[in-house]
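Structural description and commentary
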Amino acid sequence: MQVRQLKLVNFRNYKNLEVTFSPRYNLIYGNNGMGKTNLIEAIFVLALTKSFRGSLDKVLIMNDEKSLTIEGVISSLINTNYQITISNEGKKVKINDNNVKKLSDYISRITVILFSSLDLRMIKDTPSVRRKNLNIDISSMDNCYLKLLSNYNKLLKQRNIYLKSMNINSNTDNDYLEVVTDKLIDIGLEINKYRTDFINKINENISNIYKKITCEKGLCIEYISSFTNNTKEELKNNFKKVFQRDIILGKTQIGVHHDDLNFKLNGFNLRDYGSEGQQKNAIISYKLAEIEFFKEKNNDEPILILDDLFSELDNEKINNLLNILDENIQTFITTTNIDIVDEKIKEQSKKIVVENGKIKEEL
Ligand SMILES: Nc1ncnc2c1ncn2[C@@H]1O[C@H](COP(=O)(O)OP(=O)(O)OP(=O)(O)O)[C@@H](O)[C@H]1O
Ligand SMILES: [Mg+2]
């Protein structure tokens, strides 16, 4: 799948922009603060209805304006027009000019795999940030997963509220808690399966990709979950064991909301042992491995966005990396320094110069 055209109105520092992209490489360059990341962020927002930068929606609207619109033509088997409008009143999405009422029916139709330096959070930050990233990655490919997550979170909230009420009022109904726990375990097991399958698939390719970039062997991802390799009955027992403490804490101590991930290089956790470069290469290998997962699952190619990937990587790694990019995948590369980009890629790229929210296109 590819973004063929993009129109922006009042998106960040873009007042009015219309741009067409190459189905292969798009090289977006310009000085710091000009709007390179904003441009690729717009593609991400069009796909997932929110920013990868964690910004509030209102920050995406151009200062002193009331609403923004992003419109894009995505070509897959056929061309489809997607549109999102964000204002004080919330978000509205359309596909081919028809309103789509639920965001969950809109998300995951456009699949974007994006690398930015913020992704280092996946290694450095807290488990909750890693889970959030993992959730975005899986749900951007499959909206059934998104619905499961939303159901799980609703049940978890209900269970925690009920636990708190049990702490205050001992006259409560254990049956209700059992029903909620039962459902939480069922949905948790489904989420666990999604995550296990996803990580297994990533692990089939990640080590090879990492080796091609860095010449080092032995990268894998470890998925840690209290639900892995447990039957429903075993989990019910485990919930019972911690039930009294759940009530005291007013919180559910077991569940996929505590899952975590580790990036391991030959058994060593990159969070503790890895250099910045190793961490960055591990993340980019993860992203490229995701492409394979998506291709098999959807019989189509995702859109690949590499935001400022080249800062901090040495030239050899950059070239190794560019050489393994699949030339059939539409790829966006942003950089402040176009000289760093391989001549072969430059020749095949549409070059877009960004200057203060305006662009100049060169073929
Ligand atoms: N809501 C907004 N309204 C107007 N301008 C905005 C808004 N949000 C961000 N900007 C402007 O966008 C610019 C930053 O754009 P962007 O992050 O795309 O830069 P960049 O070209 O990627 O730079 P770098 O090379 O440093 O990563 C800043 O000048 C900022 O003031
Ligand atoms: Mg940037």
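Scoring rules and cut-offs
- Residues numbered from 1 in each chain as written.
- Chains lettered and ligands numbered in written order.
- Predicted model: local features only at pLDDT ≥ 70, side-chain atom pairs only at ≥ 80, totals over all residues.
- Near = placed C-beta within 6 Å.
- Helix = DSSP H or I, 4+ residues; strand = E, 2+ residues; numbered from the N terminus.
- Nonpolar A, V, L, I, M, F, W, Y, C, P; charged D, E, K, R; others polar.
- Core = buried A, V, L, I, M, F, W, Y, C linked by C-beta atoms within 7 Å.
- Buried ≥ 20, exposed ≤ 12 C-beta atoms within 10 Å, placed from the backbone.
- Domains from an automatic or database assignment.
- Contact = placed C-beta atoms within 7 Å.
- Pairing = 2+ DSSP bridges.
- Axes fitted to C-alpha atoms, helices over the stretch in contact; angles between N-to-C directions.
- Parallel < 35°, antiparallel > 145°, perpendicular 65-115°, else oblique.
- Left-handed = near helix turned anticlockwise from the far one by under 90°.
- Expected span 1.5 Å × (residues − 1).

**Looking at the site of ligand 1**
As a structural note, the neighbourhood of ligand 1 is formed by 17 residues, with Asn13, Asn32, Lys36, Thr37 and Asn38 the closest of them. Top contributing element to the shell around ligand 1 by residue count: helix α1 (residues 36-48), with three residues. For the shell around ligand 1, a count of residues per class yields five nonpolar, nine polar and three charged.

**Concerning the nonpolar core**
Membership of the largest hydrophobic core comes to 90 residues, with the highest contact counts inside it found for Ile28, Ala42, Ile43, Phe44, Leu46, Val112 and Ile305. At 12 residues, helix α6 (residues 174-214) tops the list of elements feeding residues into this core. Both of domain 1 (1-111 + 300-363) and domain 2 (123-298) provide at least three residues apiece to this core. With residues near it in sequence (within four places) discarded, Ile43 still touches Val3, Leu6, Val112, Ile303 and Ile305.

**Structural notes on the domain arrangement of the protein chain**
Domain parsing of the protein chain yields domain 1 (1-111 + 300-363) and domain 2 (123-298). Listed as interface residues are 18 residues of domain 1 and, on the opposing side, 22 residues of domain 2. Contributions of two or more residues to the side of domain 1 that touches domain 2 are made by α1 and α11 (315-324). Of all the elements, α11 adds the most residues to the side of domain 1 that touches domain 2, at four residues. For the side of domain 1 that touches domain 2, the residue count by class is 10 nonpolar, four polar and four charged.

**Topic: the pairing of strand β12 (residues 303-307)**
Within β12, five of the five residues are buried, leaving the element largely enclosed by the surrounding structure. As defined by bridge partners, β12 adjoins strand β13 (residues 331-335) across four bridges and the pair is classed as parallel. From the neighbouring strand, Ile305 faces β13, where its bridge partner is Phe332.

**Details of the sheet that holds strand β8 (residues 112-115)**
Taking strand neighbours across the sheet as the criterion, the six strands line up as β8-β12-β13-β3-β14-β15 in an open arrangement whose pairing is mixed. Strands at the two margins of the open sheet, each flanked by one partner only, are β8 and β15 (358-362). Geometrically, the sheet is characterised by an average inter-axis angle of 20 degrees between neighbouring strands, direction not taken into account. Pairing between strand β3 (residues 25-29) and strand β14 (residues 349-355): five bridges, direction parallel. Directly across from Tyr25, in β14, lies its bridge partner Ser349. With respect to the sheet, α1 is in contact with β3, β8, β12, β13 and β14, its orientation differing from that of β12 by roughly 145 degrees. Those strands touched by helix α10 (residues 276-298) are β8 and β12, and its axis lies near 170 degrees from that of β8.

**Overview of the packing of helix α5 (residues 143-168) against α6**
Between α5 and α6, whose axes approach to 9 Å, the crossing angle comes to 150 degrees. The angle between the axes of α5 and α6 places the two elements in the roughly antiparallel class. As α5 runs across α6, the sense of the crossing is left-handed. Residues Tyr145, Leu148, Leu149, Asn151, Tyr152, Leu155, Leu156, Gln158, Arg159 and Tyr162 of α5 form the contact with α6, whose participating residues are Tyr176, Leu177, Val180, Thr181, Lys183, Leu184, Ile187, Gly188, Glu190, Ile191 and Tyr194.

**Focus: the sheet that holds strand β6 (residues 90-95)**
Read from one edge to the other, the open sheet built from six strands follows the order β2-β1-β4-β5-β6-β7, with strand pairing classed as antiparallel. The open sheet is flanked by β2 (14-20) and β7 (98-100), the only strands paired with a single partner. The average angle at which neighbouring strand axes cross in this sheet is 20 degrees, direction not considered. In terms of strand pairing, strand β1 (residues 2-11) meets strand β4 (residues 67-75) through seven bridges, oriented antiparallel. Paired with Leu8 across the two strands is Ile70, which belongs to β4. Of the strands in this sheet, β1, β2, β4 and β5 (79-87) are in contact with α1, which crosses β1 at around 105 degrees.

**Comments concerning α1**
The end-to-end C-alpha separation of α1 is 19 Å, in line with the 18 Å expected for 13 residues at 1.5 Å each. The buried fraction of α1 amounts to 13 of the 13 residues, a majority that puts the element mostly inside the structure. Of the residues flanking the end of α1, it is Thr49, one or two places downstream, whose phi is positive at about 65 degrees.

**Regarding helix α4 (residues 127-139)**
Here α4 is 13 residues long and its end C-alpha atoms lie 18 Å apart, about the 18 Å a rise of 1.5 Å per residue gives. All of the buried residues in α4 are Arg130, Leu134, Asp137, Ile138 and Ser139. On the buried face of α4, the contacting elements are α3 (121-124), α5, α6, β10 (260-265) and α10.

**Side note on the environment of Lys7**
In this structure, Lys7 sits in strand β1. With 140 residues separating them in the primary sequence, Lys7 and Lys147 have C-alpha atoms 29 Å apart. Leave out the neighbours within four places in its chain, and Lys7 touches Leu17, Glu18 and Glu71.

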